[in-house]
Amino acid sequence: MKNVWIFNHYAIPPKVGGITRHFDFAKQLAQRGYSVTIFASSFDHKQRVEMLEKGKKFKMEEYNKVRFVWIKTFPYKKNDIKRLLNIFSYAKNLYFIARKFEKPDVILASSFHPFTWIVGYLLSKKFKCRFIAEVRDLWPQSGIDLGALKEGSVIVKLLRKLEKFIYTKADYVVTVLPKADQYIESLGIEKNKIVHIPNGCDIERFDSLRNSISEEVSNILREHEGYFKACYLGALGQANAMETIIEAAKVVQEKVGDSIHFLIIGDGPEKEKLQNMAKEFELKNVFFYSPIAKLSVPALLEHVDVTLVSMHNLKVYRFGISLNKLFDYLCAAKPIVFAGNVANDIVKESCAGISCSSYDSKAFAEAILRLYAMSKEERERIGQKGREYVQKYHDIKMLATRLEKIL
């Protein structure tokens, strides 16, 4: 039996809200005879709460034959020095705790931050096993384009040296973004080492949960019964350009009053700012909710009318996107309104909704109103195109097979 370790600071099982990419892959691999362990932080990044009892350094839990090792990390509330300490503590504790476990055959270290790569590489040398580096965000390029890092600074120079070192040492480099290979090749990395494995959807699990309405979903839907529901599910952070959606809600309210309800379901550092914005605009059609569990998502989406995505206009999107929420929307067969300038506009490509440019809140609002004016059957036809697209290109079973080939 091949023993696989996955390092992902923010990995979660589907019983909580967030991204389940690595659990979904691990579950598929476990069904195929692999032993898979995911090492993740015990501090819940979404709700900012600690899962471990006081004094514990780590604990193990198992979900669907996938072992999670929850590692104690430094708590934080905002994106400040305490979050940096959280990142450093994950890397340090991961290095010492993982050494206590049975030798792996392969380590897959997934970035949000590059310290996960460093630990993955060091432990792969110690255990003399294969090392796969997964790139979910192109650091430092993403940080530069978001304005968090400055080109030419000491930290950027160090990060550039680090990423090239990791890409060179890795047996394979897995990219989530479809055109990231262009960026990685420009650093002198061999093309045959680069493998594109985008995000996807566990279609089988999704369909089995469509009619399982949890209490949290039931409470939300009850408040909006009889209204046309436009839904955003996901993070409320700097990278999400949520102002476009709030501004669009203002335009929609001016046109049709509160006939269309905007459900904003998620959490993040921008949430309070967005709530204040909605108050300032005196919006009666925007409603904020806490994140829901991944297992609750299918039933919620089953009962909304359209789904929403907004993005900043960033240079880094020339390498494409692979948003988890998009694949949930596609799987639910719901029309999507998308604002973004990206290399791979999946909504346009799949004919699963209406696209407009980043920040164009007026066009975003008009797209929602167009879908609102359509018959239910017309919207279902649009949604079905998205469903066919996700089945063809983003079924997690197919993506897991692609991962298995390099394991």
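Preceding this paragraph is the structure being described.
Since the structure is predicted, the reported quantities are computational estimates derived from the model, not experimental observations.

About the thresholds
- Residues numbered from 1 in each chain as written.
- Predicted model: local features only at pLDDT ≥ 70, side-chain atom pairs only at ≥ 80, totals over all residues.
- Heavy atoms only, no water.
- Salt bridge = Lys/Arg side-chain N within 4 Å of Asp/Glu carboxyl O.
- Helix = DSSP H or I, 4+ residues; strand = E, 2+ residues; numbered from the N terminus.
- Buried < 20%, exposed > 50% of the residue type's maximum accessible area, 1.4 Å probe, protein only.
- Patch = residues over 30% accessible without salt bridge, like charges linked within 9 Å, V, L, I, M, F, W, Y side chains within 5 Å.
- Areas by Shrake-Rupley, 256 points an atom, 1.4 Å probe, with all protein chains shown as cover.

Draft legend 1. The arrangement of the pattern of salt bridges in detail. If you walk through the whole model with that rule in mind, you get 16 salt bridges. Between Glu 134 and Arg 21 there is a salt bridge, with the nearest N and O atoms lying 2.9 Å from each other. Taken together, the residues Glu 134 in strand E8 (residues 130-135) and Arg 21 in helix H1 (residues 21-31) connect sequence positions 113 residues apart. Each of the two residues, Glu 134 as well as Arg 21, counts as buried. Taking the shortest distance from any N to any O, the salt bridge between Lys 294 and Asp 328 comes out at 3.0 Å. Of the two residues, Lys 294 sits in the loop between strand E13 (286-289) and helix H11 (297-302) while Asp 328 sits in helix H12 (residues 324-331), which places them 34 residues apart along the sequence. Several salt bridges share partner residues, and in doing so they unite Asp 24, Lys 27, Asp 202 and Arg 205 into one network.

Draft legend 2. Layout of a nonpolar patch on the surface. The grouping of Phe 74, Ile 81, Leu 84, Leu 85 and Phe 88 at the surface amounts to a nonpolar patch, some 450 Å² of accessible area in total. Positionally, Leu 85 belongs in helix H2 (residues 81-98). With relative accessibility at 35%, the residue Leu 85 sits in the partly exposed group.

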